[in-house]
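Structural overview for review
Next come the chains, spelled out residue by residue.
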Amino acid sequence: MHSTKHVLFFITAITILCEVRSQRKSDTCKRLKLKEGLMSSVFEDLDYNLAMDNNMETFSHSVLESDPFIMVMFNKEKVGDVKIYNVQQDCCYDQLEGATVSVFNEDFDERKCGKITNVKKTDEYVKVNCKGYVGTSVKIEIPGEKYLHVREIEVYKKCAADERKEKKESEKKKKGGDSRCSNGLTFCDGTCKHIHMCGKSFG
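Residues numbered from 1 in each chain as written. Predicted model: local features only at pLDDT ≥ 70, side-chain atom pairs only at ≥ 80, totals over all residues. Heavy atoms only, no water.

So, about the overall build of the protein chain. Counting its secondary structure elements, the protein chain contains two helices and 12 strands. Counting every position in the protein chain, which comprises 203 residues, the buried fraction comes to 35%. Long-range pairs, those at least 24 residues apart, make up 69% of the contacts in the protein chain with a sequence separation of at least 6. Counting only carbon and sulfur atoms, one obtains 52% of the accessible surface of the protein chain, whose full area is about 13100 Å². (Helix = DSSP H or I, 4+ residues; strand = E, 2+ residues; numbered from the N terminus. Buried < 20%, exposed > 50% of the residue type's maximum accessible area, 1.4 Å probe, protein only. Contact = heavy atoms within 4.5 Å. Areas by Shrake-Rupley, 256 points an atom, 1.4 Å probe, with all protein chains shown as cover.)

Structure, rendered in structure tokens:
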């Protein structure tokens, strides 16, 4: 017969396991469903649909033009990672070099997420994080006279883990703390101090 202590231990272990599984589930960065798209130009019939069809054997392709772009649209969301799968690594992997990734909201206000740099021949895809910018579309634009061609574009919701981390950092700052310091101290003058001591020196 199990003792009360063993039963309580078993219940506690099960509870912790369930909490860990729930935590992992909430940390999942949900992939957003892409609804529509737009391209600056289309070579033959290789339009934006081929960059959002979940098929790595197909690809979207523009004509040779100045600053070609592709845009994909989704329901309003905080955007995390944007993955762009490359085309034909043996010949054209560097076409995405220098491309900018931006998020647009319903009013078409633009927030730049970042620039794609150091693309390698071995890269299956390149990734840019959009820092939780709220929007309804993502645009990838390549500067200069180039072709634009991509196999697939994946847009992800901002991770729950990132949300919690930012919330924690924000709470620290409200209390006068800093992520580089402990005990509610603030980093200033090259060290950790109480906030009211920042900017003061003693000879």
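The subject of this paragraph is the state of the cysteines. Within the structure shown, the criterion is met by two disulfides. Between the sulfur atoms of Cys113 and its disulfide partner Cys130 the distance amounts to 2.1 Å. Given an S-S torsion of about 100°, the disulfide between Cys113 and Cys130 has right-handed geometry. One end of the pair, Cys113, is in strand β6 (residues 110-115); the other, Cys130, is in strand β7 (residues 125-141), with 17 residues separating them in the sequence. (Disulfide = S-S within 2.5 Å.)

With that settled, consider the packing of aromatic side chains. Counting across every chain of the model gives two aromatic pairs. Seen from their ring centres, Tyr85 and Tyr125 are 5.1 Å apart, and the 50° between their planes marks the pair as tilted. In this pair, Tyr85 sits in strand β4 (residues 69-85) while Tyr125 sits in strand β7, placing the two residues 40 residues apart along the sequence. The class of Tyr125 is partly exposed, set by a relative accessible area of 30%. Lying across the ring of Tyr133, Arg111 places its NZ or CZ 4.0 Å from the centre. Just above the ring of Phe69 sits the side chain of Lys139; from NZ or CZ to the centre is 4.6 Å. (Phe/Tyr/Trp six-rings, centres within 6.5 Å; stacked < 30°, edge-to-face > 60°. Lys NZ or Arg CZ within 6 Å of the ring centre and 35° of its normal.)

Another aspect to go through is unusual backbone geometry. Residue Asn54 is not a glycine yet carries a positive backbone phi of 60°. With respect to the helices and strands, Asn54 occurs in the loop between β1 (36-39) and β2 (60-61). Classification of Asn54 as exposed rests on a relative accessible area of 58%. Positioned with a positive phi, Phe108 is a non-glycine residue whose angle comes to about 65°.

Moving on, we get to the confidence of the model for the protein chain. The predicted model of the protein chain has a mean per-residue pLDDT of 81, with 69% of residues at 70 or higher. When pLDDT is averaged over each helix and strand of the protein chain, the minimum, 46, is found for helix α1 (residues 4-27) and the maximum, 98, for strand β5 (residues 100-104). Low pLDDT, under 50, characterises residues 11-27; the predicted model gives this stretch seven contacts beyond four residues in sequence or across chains. (pLDDT = per-residue confidence, 0-100.)

A few words on the nonpolar core. If you look at the biggest cluster of nonpolar residues, it comprises 30 residues, and the most contacted ones within it are Ile70, Val82, Ile84, Val101, Val138, Ile153 and Val155. Of all the secondary-structure elements, those providing two or more residues to this core are β4, β5, β7 and β10 (152-157). (Core = buried A, V, L, I, M, F, W, Y, C linked by side-chain atoms within 4.5 Å.)

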